[in-house]
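A closer look at the structure
Below are the chains, spelled out letter by letter.
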Amino acid sequence: MLVTRNRSERFGIASAALGIGSSLIGTIYRGAQLISDGIKIISKKEKFILGELVERATQSEGGNTSTYLGLPFMKAASFHIFTGEKWLREALSYGEHNNDDPSSYDPEARKLFAPIAQFLGTEMVINRNGPTVKEERLSLIASLTSKKALTAAIEASDHLISNWSTKKSINEQISFCSIQAIGKAVFGCHDIPESVTPLLNKAEHDVFNRDQVSDTDFNDRIKKLKEISDPYTERHGETILSSPNYIRCLYEKQKEKEKQEEEKGNKPKKPVELKDINPLFGLLVEGNITSIVTGAVLKIASSPEIQSKLKHELKSLREEDLSVEGYEKLKKLKYLHNIYLECLRYFSPSPPIARYASKHGKIGDIAISPRSYIFILLRPMMFDPKHWLEPEKFLPERHETTKNKLGQYPFVPFSTYPRICPASLGFIEAHFKMVIAKLFMNKELILTSHQEIETIPVITKEPRLHQKYHGVLKEISESPNAPLTPSYKNQKVKRPKVKNSLTLNQSGQNTNCQTSGEEVKTKKLLYG
């Protein structure tokens with residue numbers, strides 16, 4: 001008995017010692033990792049935060065990870081990454097005004113969207129976070145109806161087709177089509193000059209990379225767009241204010257605020273004018289819709305099988321079905337809907353969603369300290385092999401059998417409640433389906449520059465196509481053997497030169513270089 005007890009005691013002591021040793025090793029490892037993370041945060045900045053740290057989150061069981069710069073009792077800044085279902089809604093709604101929990105409100109939660117307000121010259125709903133946001137979102141949603149989308153998309157796509165040019169890139173032409181449609185439906189802007197298109201495209205890139213764009217270049221972009229926007233507003237101001245739209249809503253709010261200040265005895269130096277709202281600047285939001293539609297056009301044009309299936313389905317339509325009244329029939333086309341869903345997944349256009357914490361808070365069971373940066377990445381969810389079969393492939397057919405429903409994890413290209421993208425409530429779908437149907441119902445698009453479409457990295461803060469594509473749009477009745485003269489030869493993909501590019505791996509090497517086959521495939525998918 002005594003021998004047995006001694007052995008038992010010795011075993012217990014050994015087990016305790018082993019446990020203490022393992023805990024100590026774990027603590028040392030965690031401490032070493034935090035020191036390493038701190039060095040990388042300082043030296044590599046966003047390349048580490050939106051690169052290696054995101055990859056760490058995607059590989060974790062809960063789809064999230066955290067680290068900080070500083071000491072446990074004195075954190076200079078904390079970083080929290082979310083790429084999975086756990087705490088997704090809590091992370092997306094962090095700091096939002098909530099009548100049921102007033103203490104969770106953080107007025108600085110959206111301060112990381114400051115570059116957008118800086119570019120626009122005024123705050124829009126994306127910058128706001130407070131009790132008045134709900135009312136403003138409702139006014140925006142009222143401008144984002146399917147009916148408004150269809151009316152504007154019909155006009156814009158007719159203009160696109162009648163003015164199709166092999167000299168202009170497909171990207172640029174689809175972008176202008178989206179600008180026209182959004183401008184008319186949401187902002188009450190008609191006859192928008194095409195010259196705004198390249199400026200808005202460059203401005204979006206500047207906003208994505210504000211910390212890497214000089215003040216001189218940023219302000220120069222604003223100045224050039226202002227030179228177009230102000231004269232346009234002078235000519236079309238009455239039209240903009242004659243119908244309910246988001247620009248009119250912003251203008252009326254500014255006038256109301258001005259009146260309240262005057263009643264307090266604070267007379268403004270200059271009365272608010274419509275041009276101070278910069279109506280054309282708000283068209284910066286066209287990037288997300290353009291990305292999805294352009295991706296669809298290119299995938300359809302580069303795949304004879306997809307284009308053939310789509311055309312076969314479109315044969316069930318009549319010309320009069322491509323109207324506001326005939327939309328219900330267009331909306332029910334199954335293969336077109338599958339293409340729409342797959343474009344939302346494959347070309348999911350949302351950049352990392354950012355939140356800032358200025359005070360103590362919680363996301364689920366994760367403690368959030370002041371000076372915390374919170375990033376929610378949606379694209380990795382759309383490429384998670386645990387939820388999608390062969391996610392790196394563009395397969396519209398997958399949506400015939402998948403259990404993943406739009407708007408539910410992991411299929412959340414528009415974010416999720418409470419601040420889901422207002423355009424996702426019917427506007428984008430109506431615009432997408434009308435433009436695609438108009439473009440391919442009686443016509444064929446043949447690419448003349450690139451037969452293969454570039455792959456957008458899964459982990460990126462700028463989920464956009466950077467290569468410019470060209471093509472010939474011809475009537476189907478034309479001879480299929482008619483010779484085509486490419487307007488441009490194949491070109492290499494040229495991505496904007498940006499410091500700390502996320503297309504490099506954590507060692508600073510180009511992930512396109514040849515290493516092991518599976519590693520190259522994985523890193524190419526993640527980082528490009």
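Higher on the page you've got the structure.
Here's a quick rundown of the structure. (Residues numbered from 1 in each chain as written. Predicted model: local features only at pLDDT ≥ 70, side-chain atom pairs only at ≥ 80, totals over all residues. Heavy atoms only, no water.)

1. Thoughts on the overall build of the protein
- Of regular secondary structure, the protein possesses 17 helices and eight strands.
- In the protein, which comprises 528 residues, the share counted as buried stands at 51%.
- For the protein, contacts bridging at least 24 residues in sequence account for 72% of all contacts bridging at least 6.
- Element-wise, carbon and sulfur atoms account for 55% of the exposed surface of the protein, whose accessible area totals about 26400 Å². (Helix = DSSP H or I, 4+ residues; strand = E, 2+ residues; numbered from the N terminus. Buried < 20%, exposed > 50% of the residue type's maximum accessible area, 1.4 Å probe, protein only. Contact = heavy atoms within 4.5 Å. Areas by Shrake-Rupley, 256 points an atom, 1.4 Å probe, with all protein chains shown as cover.)

2. Describing the pairing of strand β3 (residues 353-357)
- Counted residue by residue, β3 has five buried out of five residues, so it is predominantly covered.
- Residues Ile-353, Arg-355 and Ala-357 line one face of β3 and the alternating positions Ala-354 and Tyr-356 line the opposite face, and both faces are buried.
- Two elements, β3 and strand β6 (residues 372-376), share five bridges in a ladder whose sense is antiparallel. Counted as the bridge partner of Ala-357 is Ser-372 from β6. (Pairing = 2+ DSSP bridges.)

3. Concerning the pattern of salt bridges
- On inspection of all chains with the given rule, the structure shows 34 salt bridges.
- Across the salt bridge formed by Glu-397 and Lys-309, the nearest N and O atoms sit 2.9 Å from each other. In this pair, Glu-397 is assigned in the loop between α15 (379-382) and α16 (427-440) and Lys-309 in helix α12 (residues 304-314), connecting sequence segments 88 residues apart.
- Overall, the relative accessible area of 33% leaves Lys-309 in the partly exposed class.
- With a closest N to O distance of 3.6 Å, Asp-321 and Lys-329 form a salt bridge. (Salt bridge = Lys/Arg side-chain N within 4 Å of Asp/Glu carboxyl O.)

4. A closer look at unusual backbone geometry
- Here the residue pair Tyr-409 and Pro-410 is connected by a cis peptide bond, since its omega of 5° sits within 30 degrees of zero.
- Inspection of the secondary structure puts Pro-410 in the loop between α15 and α16.
- Its identity is not glycine, yet Arg-371 carries a phi of approximately 65°, on the positive side.
- Position of Arg-371 among the secondary structure elements: in the loop between β5 (366-368) and β6.

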